[in-house]
Amino acid sequence: MPLGAMIARGFVENGVKTYITARREEELQAKAQELGKFGQCIAIPSDLSTVEGVTAFAAAVRDKEDEVHILVNNA
């Protein structure tokens, strides 16, 4: 299991509402469904390799949350 997925699973299993993102939407949705068996995991497709993608992802999270407590950037 990739490191980012392991980190996300640890958060989800411990009751943390967790947002995940990736460029490949099909794989992202599959991972969100898998992790969703353990808790709350929300997928937001985005391309964080561009400024536009980062801006869009931040806006999507901002629309859902007032604040972010932990951010893990795993490439």
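Residues numbered from 1 in each chain as written. Predicted model: local features only at pLDDT ≥ 70, side-chain atom pairs only at ≥ 80, totals over all residues. Heavy atoms only, no water.

## Re helix H1 (residues 3-13)
Each α-helix turn comprises 3.6 residues. Residues three or four places apart therefore point the same way.
Next, step 1: Those residues of H1 lying buried are Ala5, Ala8 and Val12. Down the axis of H1, the buried set is contained in an arc of 65°. They therefore lie on one face.
Next, step 2: The inward-facing, buried residues of H1 contact strand E1 (18-20), helix H2 (25-36) and strand E2 (41-43). (Buried < 20%, exposed > 50% of the residue type's maximum accessible area, 1.4 Å probe, protein only. Helix = DSSP H or I, 4+ residues; strand = E, 2+ residues; numbered from the N terminus. Arc of directions from axis to C-beta. Contact = heavy atoms within 4.5 Å.)

## A look at the pattern of salt bridges
Next, step 1: By the definition in use, this model includes 4 salt bridges.
Next, step 2: Salt-bridge contacts for Glu13 lead to Arg9; the nearest nitrogen and oxygen are separated by 2.7 Å. Of this pair, Glu13 and Arg9 both sit in helix H1, 4 residues apart, which is roughly one turn of the helix. (Salt bridge = Lys/Arg side-chain N within 4 Å of Asp/Glu carboxyl O.)

## Let's talk about the packing of aromatic side chains
Next, step 1: This model, assessed by the stated rule, comprises 0 aromatic pairs.
Next, step 2: Lying over the aromatic face of Phe38, Arg9 brings its terminal NZ or CZ to 4.0 Å of the ring centre. (Phe/Tyr/Trp six-rings, centres within 6.5 Å; stacked < 30°, edge-to-face > 60°. Lys NZ or Arg CZ within 6 Å of the ring centre and 35° of its normal.)

## Side note on the nonpolar core
Next, step 1: Core analysis: the biggest nonpolar cluster contains 8 residues, these being Ala8, Val12, Ile20, Leu28, Ala32, Leu35, Cys41 and Ala43.
Next, step 2: The leading source of residues in this core is H2, at 3 residues.
Next, step 3: Leu28 has contacts with Ile20, Thr21, Ala22, Ala43, Ile44 and Pro45, leaving out every residue within four places of it along the chain. (Core = buried A, V, L, I, M, F, W, Y, C linked by side-chain atoms within 4.5 Å.)

## Here's the deal with the side chain of Ser46
Next, step 1: Looking at where Ser46 falls in the secondary structure, it is placed in the loop between E2 and helix H3 (51-64).
Next, step 2: On the basis of relative accessible area, Ser46 is assigned to the buried category, the value being 12%.
Next, step 3: A distance of 2.4 Å separates polar atoms of two side chains, one belonging to Ser46 and the other to Thr21.
Next, step 4: Excluding residues that lie within four positions of it along the chain, Ser46 makes contacts with Thr21, Ala22, Arg23, Gly53 and Phe57. (Polar contact = N/O pair within 3.5 Å; in protein donor to acceptor, adjacent residues only side chain to side chain.)

## Some thoughts on H3
Next, step 1: Taking 1.5 Å of rise per residue, 14 residues should cover 20 Å, and H3 covers 20 Å from first to last C-alpha, within 8% of that figure.
Next, step 2: Among all positions in H3, only Gly53, Phe57 and Val61 are buried. Each buried residue of H3 lies within a common arc of 65° when the element is viewed along its axis, so the set occupies one face. Away from its buried face, by an angle of more than 90 degrees, H3 presents the exposed residues Val51, Glu52, Arg62 and Asp63. (Expected span 1.5 Å × (residues − 1).)

## So, the confidence of the model for the chain
Next, step 1: Across the chain, pLDDT averages 96, with 100% of residues at or above 70.
Next, step 2: Ranking the elements of the chain by mean pLDDT puts H1 last, at 96, and E2 first, at 98. (pLDDT = per-residue confidence, 0-100.)

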